[in-house]
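Next come the chains, spelled out residue by residue.
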Amino acid sequence: MNESQLVRGLGEQIVERLREDIFSGRIAEGERLREIDLAKRFDVSRGPIREAIQQLAWEGIVNTDRNKGALVATSAPDEITELIIPLRCTTEKYAIRLFFDNLTEEDFLIWENILGKMKQACEAKDFALISEHDIAFHRALVKRSHSPDLLAIWSSIVSRVRRHFRESHLNYKNPIQIYEEHLPIIDALKSKSLAQALQVIEDHIE
């Protein structure tokens with residue numbers, strides 16, 4: 001592996017970690033992402049941090065301003081959330097259509113591994129981690145489409161409804177139900193019925 005590949009791999013890890021921190025709420029809405037602080041956190045130069053912020057800005061997760069710098073995008077108000085959630089559903093259904101005929105055992109191992117982590121977070125009642133794994137699972141579904149543009153659209157949508165994820169989780173008396181509600185998605189994808197898979201994801205989201 002050459003130096004450019006190492007740098008690119010490191011940058012992807014930083015983007016992933018920051019994305020997870022933002023979606024889970026560990027980095028708050030409106031918070032400024034300071035390059036110097038993040039460089040210290042990840043023990044890297046400011047170059048990879050700058051590239052990571054640019055990637056998050058492209059995904060709509062971060063807003064950049066010449067005067068204020070990079071700020072975490074805020075969630076949409078409730079009335080807009082009602083509009084955005086169906087768009088998220090449409091995006092995930094489209095992703096499933098793209099990959100459904102090419103599913104592999106490795107795909108299910110990836111998704112089931114995320115759900116295993118979600119189950120542990122549910123048992124621990126760690127709502128930040130629950131949100132992180134919930135979003136990671138749906139992101140993995142969209143990522144399987146191998147469409148960077150679709151993934152960017154989805155990320156922009158979820159960035160604006162991430163508060164909805166966290167608040168909806170708090171309504172559960174027993175968080176393990178959050179994990180259990182994701183199992184039918186896996187079952188539907190294994191069913192080899194595209195219509196069933198699309199219906200299950202629609203019922204799950206809406």
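The shown structure was predicted, so the numbers you read here are calculated from the model rather than taken from an experiment.

Side note on the confidence of the model for the chain
Any segment with low pLDDT has predicted coordinates that should not be analysed in fine detail.
Link 1 in the chain: Put simply, the chain has an average pLDDT of 89, and 96% of its residues get 70 or more.
Link 2 in the chain: A low-confidence stretch, residues 1-7 (pLDDT under 50), is modelled with one contact involving residues beyond four sequence positions or located in other chains.

Points about the layout of surface pockets
Link 1 in the chain: The calculated volume of the largest pocket comes to roughly 380 Å³.
Link 2 in the chain: For the lining of the largest pocket, the secondary structure elements donating two or more residues are α1 (3-24), α5 (105-124) and α6 (127-143).
Link 3 in the chain: Counting residues per element, the lining of the largest pocket draws most heavily on α5, which supplies seven residues.
Link 4 in the chain: Here the lining of the largest pocket is composed, by residue class, of five nonpolar, four polar and nine charged.
Link 5 in the chain: The computed volume of the second largest pocket comes to approximately 280 Å³.
Link 6 in the chain: Every residue lining the second largest pocket is counted, 16 residues in all, and those nearest its centre are H164, S168, Y172, H204 and I205.
Link 7 in the chain: Listing elements by their share of the lining of the second largest pocket, those giving two or more residues are α4 (78-99), α6, α7 (148-169) and α10 (194-205).

Concerning the sheet that holds strand β1 (residues 32-33)
Link 1 in the chain: Spatially, β1-β3-β2 is the arrangement adopted by the three strands of the open sheet, whose pairing is antiparallel. Single-partner strands in this sheet number two, and they are β1 and β2 (62-65).
Link 2 in the chain: The pairing of β1 with strand β3 (residues 69-72) spans two bridges and is classified as antiparallel. Paired with L33 across the two strands is A70, which belongs to β3.
Link 3 in the chain: Contacting β1, β2 and β3, helix α3 (residues 46-58) crosses the sheet at an angle of about 110 degrees to β2.

Description of the nonpolar core
Link 1 in the chain: Membership of the largest hydrophobic core comes to 59 residues, with the highest contact counts inside it found for W111 and L189.
Link 2 in the chain: L189 has contacts with I96, F99, F100, L103, F108, W111, L141 and A197, leaving out every residue within four places of it along the chain.

Focus on the side chain of H169
Link 1 in the chain: Mapped onto the elements of the fold, H169 is located in helix α7.
Link 2 in the chain: Among the residues examined, H169 registers a relative accessible area of 3% and is labelled buried.
Link 3 in the chain: Leave out the neighbours within four places in its chain, and H169 touches F127, I130, S131, D134 and I178.

Conventions used here
Residues numbered from 1 in each chain as written. Predicted model: local features only at pLDDT ≥ 70, side-chain atom pairs only at ≥ 80, totals over all residues. Heavy atoms only, no water. pLDDT = per-residue confidence, 0-100. Contact = heavy atoms within 4.5 Å. 1 Å grid on protein atoms, 1.4 Å probe; cavity = no way out; pocket = protein on both sides within 12 Å on 5 of 7 lines; lining within 4 Å. Points joined across faces, edges and corners; volume = space filled by probe spheres on them. Helix = DSSP H or I, 4+ residues; strand = E, 2+ residues; numbered from the N terminus. Nonpolar A, V, L, I, M, F, W, Y, C, P; charged D, E, K, R; others polar. Pairing = 2+ DSSP bridges. Axes fitted to C-alpha atoms, helices over the stretch in contact; angles between N-to-C directions. Core = buried A, V, L, I, M, F, W, Y, C linked by side-chain atoms within 4.5 Å. Buried < 20%, exposed > 50% of the residue type's maximum accessible area, 1.4 Å probe, protein only.

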